[in-house]
Amino acid sequence: MQKLTTFFIALLFISCSVLTDKDISELHINTLLCENQNNPNHIDQAFPRLSWQMSSEKKGQSQTAYRILVASSLELLTERKADLWDSGKVMSPVSVFIPYNGKELKSGQKYYFTVKIWDKDGIPSEYAKPAFWEMALLNKKDWQAKWISAPRVFDWGKRDAAIKRAPQDSPAPQDPLPLFRKSFVIDKEVKSAKAYISGLGFFELYVNGEKIGDHILSPAFTDYSKTVLYEVLDLTTDLKRGENALGVMLGNGWYNQVSNDVWSFSRAPWIADPVVICQLEIEFTDGGKQRVLSDESWKCAPGPIMFSSIRLGETYDATNETEGWDQPGFDEKGWQEVRVVRGPEGKLKAQNIPPVKIMDELNPKNITRIGQNTFIVDFGQNMAGFVKLTASGEKGRKISFRYAEKLTPDGKLDQENIAHLVGNSRFQTDEYIFKGAGTEEWHSRFSYNGFRYVEVSGWEGPLNEENLAACFIHTDFKTTGKFKCSLPLLNRIQENTLWSFESNFVNIPTDCPQREKNGWTGDAQLASETGLFNYNMLTSYEKWVNDILDAQKPDGMLPGIVPTSGWGFHWGNGPAWDCALLQIPWNLYLYEGDRKIISDAYPAIKKYLEFLSTKSEKGIVRWGLGDWCPARAKTPAELTSTAYYYQDLLITSKMAALLGVPEEQSAFLAKAAEIKTAFNREFFNPDTGELINPTQTALGCALFMQIADSSKTKRLAAELKEAVTTSDYNLDFGILGAKYVPNALSNYGYRDVAFSIINTTRYPGWGNWVERGATTLWEDWDGKSSLNHIMFGDVSAWFYKNLAGISPDEESPGFKHFNIEPYFAPGLKWVKAVKGTNYGDIDVYWSKSDKEINLKLKIPVNTTASVLLPPGNLLIDGKIPEEGKEGIIQFGFVKNNNKLRLGSGIYNIKIL
C-alpha cells in the first residue's frame, strides 16, 4: 500500500512538473490596481499594495498561486526582467492588497508591474497587461518649492480690528482673491512633466491659458495644522518648446473661512491668507531635467473674485478679469512681488482620494417671475453644487443667485431652515458682474451650496431655460453598487438616499451641504455601510479616518465634527458619534479586506477607549447625544452610549486578534463582559427581566448591539415586533434606531415587519418623505430642518442585505467569501442588485410568481458564496443540485431551508 501511494505521488509530481507556459489557464487577469487605483501617479507609501481582478468562463475557478514582477521600465518588464521585485511563485489564493516587497522606491519615479497566476488545477495564466504607479514626494527634503502668498494690502492688526468692528451679521472684510503667475523657457523635448501643488484653501492651476483638470474645490479639506494635501498633475502634453506660463488662482475655502457661525472656523488655529506651493518637475527625452519652483520670482495681482466664503457664497466681477494673465508673453507690469511665507504647519501628503467634480448638470423644471427683475428657478432636485450661468449682459450689471431647499407658502425663497446657525445676512449667495463681451459663461469656483431652488435677482428681460443649469458636485468615487426592485416607492427611497450620500460627500462626509458642511462623525458612521454597498469608498474613508486621528486630543477625546477648528469636544460628541474611529475602519475591513487601516488606527482606538473608561460610572456611560431626532419616544442616552461602549470593546478585541496581540484581545473581551453585565443590571427590571424603558430604539439597541443577555433576546425580539405591529407598523425612533430597529427585526426572524415599516407612506418614515415630495433624505421626520441629510441613510444598506440578501462574512472579509440570503417579500415581484468588490461584481436578480422563484447569481472569480434559500425543490441550471458539480462546493439543508456553497460563476436557480 505504501509503495502504491508513493507511485501516485510521484506520478502527480511528474504531471505537474511538465506543465509549461504553453498550458495556459482559462483564468484571466483583467485589471491590475495599485492602492485600489488604476495607474496612480501620487503614491506616497513606501510599500504600496497591489491587487488584481480575474475572469473565467469556467465555474468554480480560483487562484492557487501568483507571481508579481516589478521593473523600473516597461522594456525591462516586457522582457520579464524584474529589476526591482520578483515575488517568485507564491502559493496563495490572495489577490488583493499584497504589499510591494522589493527594492526601495524613490520619489517621483514610475514603476511598472505585471502578475501571473495559477488556477485551481495548477495551470498558469499569461502575464497580465502591464500597469504602473508613480511615487509622489516621499520626504520633506524633496520639496524645494516655497509657500508663497499675495502681498498684504493692510496688516493683520488692522484686519483683526475690522473684524471686531464688523456687525455679527456681516462677513469680515476681504481683499480680492489673488492670481499668481510664473513664466519659464523650455528648450528641449519634454518626456514627462508633473506639478506637485497645493493651494489653500482651494486652487486652480492654469498652463499656457488652459485650466488643468476638471476637478474643483481642491485640495481636500483637512486640519491644516496637522496635514496638508497636495495634488500631482500631469503636464506632459501641456508644455511646449519656448516660453511657458503657469497661473494659479486661489480661494479661501476652509483655510481662510470668514463666516460668523457657531462652529468657529473663522477662528481656526490655521487661519491665514491663501497660500500656494508648486513644484514642477520636467524630464526631457535626452535625460536632462528642469525644475520650476514657487518662490520669490513669482508675480501676483488681484483677481476677479471679490468675495469668497465656503458657506456665504462668491462674488465674481468679470470687469476685473485680466486677459492673458496665465499665458506666455504677458506683460507683468503692475504685478507685484509675492511674499514667501512659512505656510501651514501640517505635513504635506499626496492626496489619494478622488477629486470633487461636476458630476451632472440639471436643467430648470420651472421658472417663475416673482418681481420686476426677480425669478424663482426650481431644478426639481435637492443637491449640492451651484448654478452655471450662460448669458449676455451690459458691462457692470450684477446678477445675484440665492440658494435654498424650499419656498415660502407665497412662493418666495426660504432659507430659514438652513441659515439660522450662520450669523451673516449673506448666506448661500453668489454674484456675477458682467463684463459686457457677448455671451458669458460662469459658475462659482471656491464655494458650493445645498439647494433645489434659486432666486435670481437683477435680471432684465425673460429668463430662459438655456440661461441656467444646476451643477451637481461631489467626490468622484466610482459607483459600484446598484439596487432596484418592482416597487417604485423603494426605488425612490434608494434614489433619495444616493442623492443625499453624494451631496454629503464633498471631500469629506458631511451632515448637510448647505447649513454646515461639517463632518459629523455620527452621521458618517451610520451611513458607512450604505456608502460601501453603493460606491468604491476605500480611499475616501481612509483619508477621513486619518482626519479623525489628527483631531484626537492627547487624552484620547474626539470631537463631534472632523475636521474641526476646536469645536465639538464639549458638545456634539459621545460614543455613538466617536465610534466612527472604530466602525469605519472595521467596515473597511469587512467590505474591502483592508487590514492596514486597522493597524493605522489601532493606537488611537486604544487611547480613545482609555478615555471612554473615564466617562464610565460602574460600567454605564451617561454622556452623548443619544437617539438624535426621534419621532416621538425618547430613549435615554446612557442606554445607547453604554451599548456603543460595549460594541467598541468587541470590535477592538477583534482588531487585536487580527494584529496578533492576544493579551490585549483578552483584556478587551473581559472589559466588554463587565459592561454587558452593567447594562443588563441597569436597564432591565431585576424581578421581571423586562427592559425598563422599552422604546423601539431601546429594544432594537439591546438586540442589534447583542448586549442583552442571550436568555432575553427571543423575548426582546418578540416585544420589538409587538411594539411595531401594535402601532400599525409606525416607526418611532431617531437616527440610531433607524439602524437598530430594521436590522434587529431582520436578524431575529421578523424581516416582514422591518419591510412593512419601510414600505409605507404613513408618517413618520422614509416613504412619507417621498409622499411629501422629498428628493433627498431629511434631517427630521417632520421636515422642519435640513432637507438633505444622510444620517437616516442606512436604509439602502438594509435593501442590499435583506431584499437582495448580500452580506459580508467576517471570517473571510472583503467578500472573499460572502453570504446571500434574499428575502422574497410579499408584494415584491423582483429585485436586482449589484455589489462591486475587489474581486469583481456580485450580481443578484430574483423574480417570483405563484408557482416558482427564479434566482440568478453571479459570483466573482476567486470567491465563494454561502446561499440560504427557502424550502422547496431546487434546480440549478436546470439540474438537481449535486455537490462537486458545476461549481457547487456543498449542498444540503439547514433548518428546513436549502443551503448551498458555490464557487465562482453564473447560476440560474429555480425554487419550485
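Refer to the structure printed above.
Keep in mind the model is a prediction, meaning the values are calculated, not measured.

Draft legend 1. Quick look at the overall build of the protein chain. Along the protein chain, the regular secondary structure elements total 19 helices and 49 strands. Relative to a compact globule of 912 residues, whose C-alpha radius of gyration would be 29 Å, the protein chain shows 29 Å and is just as compact. In terms of overall dimensions, the protein chain has a C-alpha envelope of 95 × 70 × 55 Å along the principal axes. For the protein chain, the residues scored as buried account for 60% of the 912 residues in total. Put simply, of all contacts in the protein chain between residues at least 6 apart along the chain, 76% involve residues at least 24 apart. Carbon and sulfur atoms make up 49% of the accessible area of the protein chain, which totals about 35,900 Å². Positive and negative side-chain charges of the protein chain, numbering 101 and 111 respectively, have mean locations separated by a distance of 3 Å.

Draft legend 2. Here's a closer look at the packing of helix H12 (residues 637-658) against helix H14 (residues 696-704). At a closest axis distance of 10 Å, the pairing of H12 and H14 adopts a crossing angle of 15°. By the angle between their axes, H12 is roughly parallel relative to H14. The chirality of how H12 crosses H14 is left-handed. In contact with Leu639, Thr640 and Ala643 of H12, H14 contributes Thr697, Ala698 and Cys701. Residue classes in the contact of H12 with H14 are distributed as 4 nonpolar, 2 polar and no charged.

Draft legend 3. Region of interest: the side chain of Asn802. Structurally, Asn802 can be placed in helix H19 (residues 795-804). Of the polar contacts made by the side chain of Asn802, one reaches the side chain of Ser746; its length is 3.3 Å. Apart from the residues within four sequence positions on either side, Asn802 is in contact with Ser746, Arg751, Glu821, Pro822 and Tyr823.

Draft legend 4. Structural context of the pairing of strand S31 (residues 429-433). In terms of burial, S31 is largely enclosed, as 5 of its 5 residues are buried. Of the two faces of S31, both are covered, the one formed by Thr429, Glu431 and Ile433 as well as the one formed by Asp430 and Tyr432. Across 3 bridges, the pairing between strand S21 (residues 313-317) and S31 is parallel. Residue pairing across strands places Asp317 opposite Ile433, the latter belonging to S31.

Draft legend 5. Geometry of helix H16 (residues 737-747). Judged by how many residues are buried, H16 sits mostly within the fold: 10 of 11 residues are covered. For H16, every residue scored as buried is listed here: Gly737, Ala738, Lys739, Tyr740, Val741, Pro742, Asn743, Ala744, Leu745 and Ser746. Gly749 occupies a position one or two residues after H16 and carries a positive phi of about 95°.

Draft legend 6. Representation of the layout of surface pockets in the model. When its volume is computed, the largest pocket comes out at roughly 1,800 Å³. For the largest pocket, the lining is made up of 50 residues, of which Gln706, Asn743, Asn747, Lys801 and Ser807 are closest to its centre. The element contributing the most residues to the lining of the largest pocket is H12, with 6 residues.

Draft legend 7. The state of the cysteines, seen in detail. This structure, assessed with the given rule, holds 0 disulfides. We note that Cys300 lacks a disulfide partner, and the nearest cysteine sulfur, in Cys278, lies 14 Å from it. You can call Cys300 buried: its relative accessible area is 2%. For Cys579, which is in no disulfide, the shortest distance to another cysteine sulfur is to Cys701 and amounts to 11 Å. For Cys579, a relative accessible area of 1% corresponds to the buried category.

Draft legend 8. Region of the structure containing the pairing of strand S42 (residues 830-837). Judged by how many residues are buried, S42 sits mostly within the fold: 6 of 8 residues are covered. Bridge analysis of S42 against strand S43 (residues 840-848) gives 8 bridges, and the strand direction is antiparallel. Within S43, the position partnered with Lys835 by the bridge is Ile842. In textbook terms, the turn of a hairpin is the stretch between consecutive antiparallel strands, and for S42 and S43 this stretch comprises 2 residues.

Draft legend 9. Broad picture of the sheet that holds strand S19 (residues 299-302). Overall, antiparallel pairing links the 6 strands, which are arranged S13-S12-S16-S10-S19-S22 in an open sheet. In the strand order of this sheet, the two ends are held by strand S13 (210-211) and strand S22 (336-337), each with one partner.

Draft legend 10. Structural view of the sheet that holds strand S49 (residues 905-911). Reading across the sheet, the 6 strands line up as S35-S42-S43-S44-S49-S46 and stay open at both edges, with antiparallel pairing between neighbours. The strands lining the two open edges of the sheet, one partner per strand, are strand S35 (481-485) and strand S46 (874-876). This sheet shows a mean twist of 10° between the axes of neighbouring strands, independent of strand direction. Where S35 and S42 come together, 5 bridges link them in antiparallel fashion. Looking at S42, one finds that Phe483 is bridged to Ala833.

Draft legend 11. Summary view of the pattern of salt bridges. Under the criterion given, the structure shown has 46 salt bridges. As a salt-bridge pair, Asp286 and Lys188 come within 3.3 Å of each other at their nearest N and O atoms. With Asp286 in the loop between strand S17 (275-284) and strand S18 (289-293) and Lys188 in the loop between strand S10 (178-186) and strand S11 (190-200), this residue pair connects regions lying 98 residues apart in the sequence. With a relative accessible area of 51%, Asp286 lands in the exposed category.

Draft legend 12. Representation of the environment of Thr837. Structurally, Thr837 can be placed in strand S42. Taking relative accessible area as the criterion, Thr837 reaches 10% and is therefore assigned buried. Between the C-alpha atoms of Thr837 and Leu736, which are 101 residues apart in sequence, the distance is 27 Å. Other than its neighbours up to four places away in sequence, Thr837 contacts Gln53, Gly814, Phe815, Ile842 and Pro860.

Draft legend 13. Representation of unusual backbone geometry in the model. A cis amide bond, omega -5°, links Leu200 with the succeeding residue Gly201. The topology assignment puts Gly201 in the loop between S11 and strand S12 (202-207). Looking along the chain, the bond that leaves Val562 and enters Pro563 is cis, with omega of -5°. Relative to the assigned elements, Pro563 resides in the loop between helix H8 (538-551) and helix H9 (575-578).

Draft legend 14. Seen up close, empty space enclosed by the protein. Here the structure, examined in full by the defined rule, presents 3 cavities of 30 Å³ or more. By volume, the largest cavity amounts to about 70 Å³. The wall of the largest cavity is formed by Phe501, Asn504, Phe505, Pro509, Thr510, Asp511, Trp520, Asp523, Ala524, Ala527, Tyr541 and Ile790. Residue composition of the lining of the largest cavity, grouped by class: 8 nonpolar, 2 polar and 2 charged. Here the second largest cavity is characterised by a volume of approximately 60 Å³.

Draft legend 15. Molecular detail of helix H17 (residues 751-758). Within H17, 6 of the 8 residues are buried, which leaves it mostly tucked inside the rest of the structure. Arg751, Val753, Ala754, Phe755, Ile757 and Ile758 are the residues of H17 that are buried. Those residues of H17 that are buried lie in contact with helix H5 (488-503), helix H15 (713-725), H16, helix H18 (766-771) and H19.

Draft legend 16. Representation of the environment of Phe533. By secondary structure assignment, the location of Phe533 is in helix H7 (residues 528-534). Classification of Phe533 by relative accessible area gives buried; the value is 0%. Spatially, the C-alpha atom of Phe533 lies 11 Å from that of Asp841, the residues being 308 residues apart in sequence.

Draft legend 17. Examining the side chain of Lys182 more closely. Examined against the element boundaries, Lys182 turns out to sit in strand S10. No salt bridge is formed by the buried Lys182; its nearest oppositely charged neighbour, Asp295, is found at 5.0 Å. Polar side-chain contacts of Lys182 include one of 2.8 Å to the side chain of Ser297. Apart from residues no more than four positions distant in its own chain, Lys182 is found in contact with Asn244, Ala245, Leu246, Val292, Ser297 and Trp298.

Draft legend 18. Inspection of the packing of aromatic side chains at higher detail. Inspection of the entire model under this criterion finds 61 aromatic pairs. For the pair Phe472 and Trp499, a centre-to-centre distance of 4.5 Å together with 40° between the ring planes defines the contact as tilted. With Phe472 in strand S34 (residues 468-475) and Trp499 in helix H5, this residue pair connects regions lying 27 residues apart in the sequence. With relative accessibility at 19%, the residue Trp499 sits in the buried group. Ring pairing ties together the aromatic residues Phe483, Phe533, Tyr591, Trp798, Phe799, Tyr800, Phe815 and Phe818, which thus form one cluster. Residue placement shows Lys615 over the ring face of Trp623; its charged tip is 4.9 Å from the ring centre.

Draft legend 19. A look at the nonpolar core. By size, the foremost hydrophobic cluster in this structure holds 226 residues, and its most contacted members are Phe401, Trp766 and Leu803. Not counting residues within four places of it along the chain, the set of residues in contact with Leu803 comprises Phe483, Leu490, Phe755, Trp798, Pro822, Tyr823, Ala825, Leu828, Val831 and Trp846. With 28 residues, the next largest nonpolar core counts Val190, Leu250, Leu280 and Phe284 among its residues.

Each value, and the rule that gives it
- Residues numbered from 1 in each chain as written.
- Predicted model: local features only at pLDDT ≥ 70, side-chain atom pairs only at ≥ 80, totals over all residues.
- Heavy atoms only, no water.
- Helix = DSSP H or I, 4+ residues; strand = E, 2+ residues; numbered from the N terminus.
- Rg over C-alpha atoms; globule rule 2.2 N^0.38 Å.
- Buried < 20%, exposed > 50% of the residue type's maximum accessible area, 1.4 Å probe, protein only.
- Contact = heavy atoms within 4.5 Å.
- Areas by Shrake-Rupley, 256 points an atom, 1.4 Å probe, with all protein chains shown as cover.
- Lys, Arg positive; Asp, Glu negative; His and termini not counted.
- Charge placed at Lys NZ, Arg CZ, Asp CG, Glu CD.
- Axes fitted to C-alpha atoms, helices over the stretch in contact; angles between N-to-C directions.
- Parallel < 35°, antiparallel > 145°, perpendicular 65-115°, else oblique.
- Left-handed = near helix turned anticlockwise from the far one by under 90°.
- Nonpolar A, V, L, I, M, F, W, Y, C, P; charged D, E, K, R; others polar.
- Polar contact = N/O pair within 3.5 Å; in protein donor to acceptor, adjacent residues only side chain to side chain.
- Pairing = 2+ DSSP bridges.
- 1 Å grid on protein atoms, 1.4 Å probe; cavity = no way out; pocket = protein on both sides within 12 Å on 5 of 7 lines; lining within 4 Å.
- Points joined across faces, edges and corners; volume = space filled by probe spheres on them.
- Disulfide = S-S within 2.5 Å.
- Salt bridge = Lys/Arg side-chain N within 4 Å of Asp/Glu carboxyl O.
- Phe/Tyr/Trp six-rings, centres within 6.5 Å; stacked < 30°, edge-to-face > 60°.
- Lys NZ or Arg CZ within 6 Å of the ring centre and 35° of its normal.
- Core = buried A, V, L, I, M, F, W, Y, C linked by side-chain atoms within 4.5 Å.

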